Amino acid sequence: MASTAVPKHTELNGEMSSCVFPCKKSKMGNNTVTVVLGAQWGDEGKGKLVDLLAVNSDIVCRCQGGNNAGHTVVVDGKEFDFHLLPSGIINKKCKSVIGNGVVIHLPGLFEELKKNELKGMQDWQDRLIISDRAHLVLDLHQQVDGLQEAEKGKNSLGTTKKGIGPTYSSKASRNGIRIGDLLGDFNLFEEKFRTIAESYKRMFPSLEVDVDAELARYKEYADKIRPLVRDTVSYLHHEIRSGKKVLVEGANAAMLDIDFGTYPYVTSSNCSIGGVCTGLGLPPNVIGEVLGVVKAYTTRVGDGPFPTELIDETGKLLQERGHEVGVTTKRVRRCGWLDLIVVRYTAMVNGYTALCLTKMDILDTLSEIKIGVAYKLNGKIIDYFPSSMTELSNVEVEYVTVPGWACNTENVRDMENLPSQAIDYVKIIEKFLGIPVKFIGVGPGRDSIINTV
Ligand code: 2SA
Ligand code: GDP
Ligand code: MG
């Protein structure tokens, strides 16, 4: 396990050098940042782990995605769902950073803040920090998301229609509008807004945008958001230099990564380890622990190939027992057996130092459990993860079948009290991947976790 020792400020003589994590001699590459990443197709329970780790962190950051994400945290029986806000926001001791790689729908953000205020979240104004480099998701991006999906017809991707793809497209084509633009000269913001609206109108004549009304609305948002915005790159570097513990909350998951996921059935950001560096302006040498969150079975919401999918009674049982419904869109999630070929592939990309295995309790009623351990194509085992969706749709999965534990694990809090079959299930995963399982989730609440070390 990588060291989580924090460099002392004095070790850098307290100076702000031109390169903050500079050369080999620096003590700054001391792996002070812990990262939580989804190891499958999302909804593994990242929010719960982040909430748990936030207790020992000073800053929790989101680095990519937008309010397509839905992260659930359950504390004392009260459920919070976070979309744009880092799940650490309910922790009064933690600052929450929305980094440059995130795309922000301001109406959605303020709605989310209001909703959580009603649930008892207080003083978030003192804790929330937003990057001036983050891009804005406009309502028109959300409309375009819906129009593009409708245009694709039966080939639609099953997006959340939160405008994520169109916003990252605007960013990549350099028409995007950043938070900093909104807070600068409003005339320039207006010019950018009109340009982007006209350009999308040309592509989608049915698009409805009341530009003047939108501009008036954004003027108000600018005033509301101004106190929260800063350059988060220098902020984070400064805080890390002064010994603060940073936790990064990945959104979506590696199989939805724009490069490594099941393209085109992916989201539009890098939801794997690279997105942590680019979405926060952190160099790789500050990253220590990389915790992969793995659901004890597999789920997927949206379209695209899913080799271990169960379209039968067992799939239905997992869906129902696991309450597998999208946190953002309320879509029913597809369910299947744990696919270790998927997790091994994402482990290669992300370099997990340890795993958090969630939702073990959902398997409690099964007498037999299958685990996908190899893919075959044309009768032969393949040693790579297919990039072609045609190939992935045609793989035949080889399973190992293990006995279930057929008893309730919800109240188990240590390894010794887990049924032997459940321990064996964990061991198979550890052995196959060569990565230790550090946490095991046995319920949605903050306390429903087994710390294996
Ligand atoms: P998008 O909207 O462009 O990012 O959609 C592209 C694909 O990414 C999938 N996606 C997700 N998959 C799992 N969970 C996500 N968050 C919500 C949740 C999803 C929901 O926590 O349940 O409520 O439906 C998420 N966000 C994006 C999406 O399904 C597309 O396959
Ligand atoms: P995320 O997007 O990865 O944060 O996950 P979601 O919040 O979308 O979905 C995970 C769901 O499983 C949420 O409803 C959590 O409250 C719940 N959950 C997380 N861990 C566990 C667990 O170990 N057991 C059970 N039963 N539920 C869990
Ligand atoms: Mg989710």
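Before reading further, recall that the structure is shown in the block above.
Bear in mind the structure is a predicted one, so any value in this text is a computation, not a measurement.

The rules behind each value
Per chain, the residues get numbers from 1 upward, laid out in the order the sequence is written. Chain labels run from A onward and ligand labels from 1 onward, assigned in the order the entries are written. With the structure being a predicted model, the display of local features is reserved for residues of pLDDT at least 70 and the display and counting of side-chain atom pairs for 80 or more, all residues being used for whole-chain, interface and lining totals. For side-chain calculations, the full set of non-hydrogen atoms in the structure is used, while hydrogens and water are omitted. Coordinating donors are taken to be N, O and S atoms lying within 2.8 Å of the metal, or within 3.2 Å when the metal is Na, K or Ca; because water is excluded from the atom set, some sites may appear incomplete. Strands here are runs of E lasting at least two residues and helices are runs of H or I lasting at least four, both read from the DSSP assignment and numbered beginning at the N terminus. Helix span is expected to be 1.5 Å times the residue number reduced by one. With a 1.4 Å probe rolled over the protein chains alone, any residue whose accessible area is under 20% of its type maximum counts as buried; one over 50% counts as exposed, and the rest are partly exposed. Arc, as used here, means the arc of the directions from the helix axis to the C-beta atoms. For this analysis, residues touch if any pair of their heavy atoms sits within 4.5 Å. Definition of nonpolar core: a set of buried residues of the types Ala, Val, Leu, Ile, Met, Phe, Trp, Tyr and Cys, connected through side-chain atoms within 4.5 Å. To be near a molecule or strand, a residue needs just one of its heavy atoms within 4 Å of it. N or O atoms closer than or at 3.5 Å make up a polar contact, with two conditions inside protein: a donor-capable atom paired with an acceptor-capable one, and, for residues adjacent in sequence, both atoms drawn from side chains. Per-residue and other accessible areas follow the Shrake-Rupley method at a 1.4 Å probe size, with only the shown protein chains counted as cover for residues. When residues are sorted by character, Ala, Val, Leu, Ile, Met, Phe, Trp, Tyr, Cys and Pro go into the nonpolar class, Asp, Glu, Lys and Arg into the charged class, and all the rest, Gly among them, into the polar class. Where a domain begins and ends is set by an automatic assignment or by a domain database. In short, DSSP must find at least two bridges between two strands for them to pair.

Asker: Looking at this structure, I do not really get the coordination of the magnesium ion (ligand 3). What am I missing?
Answerer: Ideal coordination angles are 109.5 degrees for a metal with four donors arranged tetrahedrally and 90 or 180 degrees for a metal with six donors arranged octahedrally. Surrounding the magnesium ion (ligand 3) are the protein donor atoms D43 (OD) and G70 (O), which sit 2.1 to 2.2 Å from the metal. Taken together, the residues span a long stretch of sequence, with D43 in the loop between β1 (33–38) and α1 (46–54) and G70 in the loop between β2 (59–62) and β3 (71–75) at a distance of 27 residues.

Asker: So what exactly am I meant to see when it comes to helix α13 (residues 420–433) here?
Answerer: Since the α-helix turns once every 3.6 residues, residues separated by three or four places project in the same direction. For α13, spanning 14 residues, the distance from its first C-alpha to its last is 20 Å, which sits close to the expected 20 Å at 1.5 Å a residue. Burial in α13 covers these residues: A422, Y425, V426, I429 and L433. Buried residues in α13, looked at end-on, bunch into an arc of 90°, giving them a common side. Taken together, the buried residues of α13 touch β14 (338–339), α11 (340–350), β15 (354–358), β16 (368–377), β18 (396–403) and β19 (437–441). One or two positions beyond α13, positive phi appears at G434, with a value near 70°.

Asker: Hey, could you run me through the nonpolar core in this one?
Answerer: The tendency in soluble globular proteins is for nonpolar side chains to be buried as a group. Ranked by internal contacts, the top residues of the largest apolar core, which has 58 residues, are V276, L280, M360, L363, Y425, I429 and I440. Take this core: its biggest share by element is 5 residues, from α13. Filtering out sequence-adjacent residues up to four positions away, V276 remains in contact with V35, L37, C63, V248, G281 and I287. Among the nonpolar cores identified, the runner-up in size contains 44 residues, and M121, L128, L140 and A197 belong to it.

Asker: Teacher, can you tell me more about the site of ligand 1 here?
Answerer: In the vicinity of ligand 1 there are 21 residues, among which T160, T267, V301, T328 and T329 approach most closely. Take D43: an N or O atom from its side chain is 2.7 Å from an oxygen atom of ligand 1. Separating an oxygen atom of ligand 1 from a side-chain N or O atom of T329 is a distance of 2.4 Å. In isolation ligand 1 has 590 Å² of accessible area, and contact with the protein removes 99% of it. Among the residues forming the shell around ligand 1, the class breakdown is 7 nonpolar, 11 polar and 3 charged. Residues lining the shell around ligand 1 come from more than one domain, with at least three contributed by each of domain 1 (29–133 + 231–451) and domain 2 (135–228).

Asker: So what exactly am I meant to see when it comes to the pairing of β1 here?
Answerer: Both faces of the sheet carry side chains from a regular strand, because those side chains alternate between them. Among the 6 residues that make up β1, 6 are buried, leaving the element largely enclosed by the rest of the structure. Going residue by residue along β1, you find V33, V35 and L37 tucked away on one face and T34, V36 and G38 tucked away on the opposite face as well. Where β1 lies against strand β11 (residues 287–295), 5 bridges are found, and the strand directions are parallel. By the bridge assignment, G38 is partnered in β11 with V293.

Asker: Is there a simple way to think about the pairing of β11 in this case?
Answerer: Most of β11 is tucked away: 9 of the 9 residues are buried. Across 5 bridges, β11 lies against β15 in parallel orientation. Bridge assignment links G292 to a residue of β15, and that residue is L355.

Asker: I keep staring at the site of ligand 2 and nothing clicks. Help me out?
Answerer: In the neighbourhood of ligand 2, 19 residues make up the surrounding shell, with K46, G47, G70, T72 and D361 lying closest. Taking K359, its main chain carries an N or O atom lying 2.9 Å from an oxygen atom of ligand 2. If ligand 2 stood free it would expose 590 Å²; the protein chains cover 92% of that surface. Sorting the residues of the shell around ligand 2 by element identifies α1 and β3 as the ones contributing at least two each. For the shell around ligand 2, the element with the most residues is α1, which contributes 3 residues. For the shell around ligand 2, the class distribution of residues is 4 nonpolar, 8 polar and 7 charged.

Keep in mind these values describe shape, not function.
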